[in-house]
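# What the coordinates show
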Amino acid sequence: MADHDSAVGGFGWFLAGLGIGALVGVLYAPKSGKETREDLKAGALEAKDRANQMYEQGKAQVGQYAEQGRQVAGEYVEKSKQVASDYVDRGKEYYDKGRSQWTQYVDKGREIIQTQADAAKAAVDAGKEAYVAKTNESTPIV
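For the protein, the helix and strand inventory stands at two helices and zero strands. For the protein, buried positions account for 0% of its 142 residues. For the protein, the exposed area adds up to about 13,100 Å²; of that, 62% sits on carbon and sulfur atoms.

Right, here's the structure in full:
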């Protein structure tokens, strides 16, 4: 039973200390309860306003980053178009160069064939003339 009495006594002292602390807190409080509630309310409103400001700043910054991203992407697109155009132009040059070289080779081949054909015709004509000359020269008398 002695333990029970000391537990009740310890609890009693706790309640007494709690009451004394509350009394001292009220006596030495710098502001009244109403003023404290108003300060807490003002602090909460101020925190809300700061949060809204930060939200708006973040929103504006995201907009700026998005715009910068669009600009950079646009620059890359333009650069890519220019590079592609350069490659197309270079391809056209190679095509035209190859076509002109091919035309030159075809023309040169035609010239060679024509030269050979002319030489063959001249040889045939010379052979005919030689035959005619030879046959006219030795005509047998019958």
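This is not the end of the story, as more comes after the structure.
Okay, a negative patch on the surface next. On the surface, Asp86, Asp89, Glu93 and Asp96 cluster together into a negatively charged patch. Among the secondary structure elements, Asp86 is positioned in helix 2 (residues 33-137). Residue Asp86 is classed as partly exposed on the basis of its relative accessible area of 35%.

Considering all chains together, one arrives at four salt bridges under this definition. Here Arg70 ties to Glu67 by a salt bridge, and the two come within 3.1 Å at their closest N and O atoms. In this pair, Arg70 and Glu67 both sit in helix 2, three residues apart, roughly one turn of the helix. Classification of Arg70 as exposed rests on a relative accessible area of 53%. Between Glu78 and Lys81 there is a salt bridge; the shortest N-O distance is 3.9 Å. One end of the pair, Glu78, and the other, Lys81, are both in helix 2, three residues apart, so they sit about a helical turn from each other. In this pair, the class of Glu78 matches that of Lys81, namely exposed.

What counts, and at which threshold
- Residues numbered from 1 in each chain as written.
- Predicted model: local features only at pLDDT ≥ 70, side-chain atom pairs only at ≥ 80, totals over all residues.
- Heavy atoms only, no water.
- Helix = DSSP H or I, 4+ residues; strand = E, 2+ residues; numbered from the N terminus.
- Buried < 20%, exposed > 50% of the residue type's maximum accessible area, 1.4 Å probe, protein only.
- Areas by Shrake-Rupley, 256 points an atom, 1.4 Å probe, with all protein chains shown as cover.
- Patch = residues over 30% accessible without salt bridge, like charges linked within 9 Å, V, L, I, M, F, W, Y side chains within 5 Å.
- Salt bridge = Lys/Arg side-chain N within 4 Å of Asp/Glu carboxyl O.
- Lys, Arg positive; Asp, Glu negative; His and termini not counted.
- Charge placed at Lys NZ, Arg CZ, Asp CG, Glu CD.

Note that all results are geometric; they support no functional claim without further evidence.
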